[in-house]
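One letter stands for each residue in the lines below.
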Amino acid sequence: MVNAWYVVHRDAKSNQVFVCEGKEHPALRGKRLVLCEFNWFDAGKHVITALNRGEELSENLWARARHGMPLARVIVRGTASAAETSSSAPSKVEIELEEEMYAPAEGQAVALYSGDTCIGGGAIDRVLDREDYDLIRNLRKHDDDDDDDD
């Protein structure tokens, strides 16, 4: 039986698309994400201060990436840039989901909730799990090995 192929990563700089075979491939899952262009709606000063100090926040925090999907328990960490001050909200945050998410994609929107209240949202900038396990490099190596067969 032939499995379907799925896009894992797009590299706009090199004009490459990386794919994997089968929907159960580990490259299609992730639980540690960096969100950029984060817009804060109703976070509260204590949340912003804690994130700018590099603290982890998890109490009653949830995330949702797809409409209709259940909320997922999450830990949030600030990744404030040098230009941001301790009084401004970080525009980039790292989140760690309690359970792996299927097919997180760069550019995909993620909303952050405190209880039932949406406190902000941003776009997925990077899927850290893929970097940790070097899955993209392994896929590239596999592709190079296939070229040697010609």
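Residues numbered from 1 in each chain as written. Predicted model: local features only at pLDDT ≥ 70, side-chain atom pairs only at ≥ 80, totals over all residues. Heavy atoms only, no water.

What is the right way to read the nonpolar core from this model?
Buried together is how nonpolar side chains tend to be arranged in soluble globular proteins. Leu33, Leu35, Trp40, Val74, Val76, Val93 and Ile95 are the most contacted members of the largest nonpolar core, which has 23 residues in total. Where this core is concerned, the elements lending two or more residues are β3 (29–40), α1 (45–52), β5 (61–64), β6 (72–78), β7 (93–102), β8 (109–114) and β9 (117–127). (Core = buried A, V, L, I, M, F, W, Y, C linked by side-chain atoms within 4.5 Å. Buried < 20%, exposed > 50% of the residue type's maximum accessible area, 1.4 Å probe, protein only. Helix = DSSP H or I, 4+ residues; strand = E, 2+ residues; numbered from the N terminus.)

Help me understand the pattern of salt bridges in this model?
Working definition: two side chains of opposite charge can pair if their charged atoms are close together. In total, this model carries 6 salt bridges according to the counting rule given. Where glutamate 24 meets arginine 29, a salt bridge forms, and the shortest distance between an N and an O atom there is 3.3 Å. Take glutamate 24: its relative accessible area is 57%, and that puts it in the exposed class. Taking the shortest distance from any N to any O, the salt bridge between arginine 32 and glutamate 94 comes out at 3.8 Å. You can see arginine 32 sitting in strand β3 and its partner glutamate 94 sitting in strand β7, a full 62 residues away along the chain. (Salt bridge = Lys/Arg side-chain N within 4 Å of Asp/Glu carboxyl O.)

What is the right way to look at unusual backbone geometry in this model?
Positioned with a positive phi, asparagine 15 is a non-glycine residue whose angle comes to about 60 degrees. Within the secondary structure layout, asparagine 15 lies in the loop between β1 (5–11) and β2 (16–21). The exposed category is assigned to asparagine 15, whose relative accessible area is 72%. Positive phi, normally seen in glycine, also occurs at alanine 103, with a value near 55 degrees. The topology assignment puts alanine 103 in the loop between β7 and β8.

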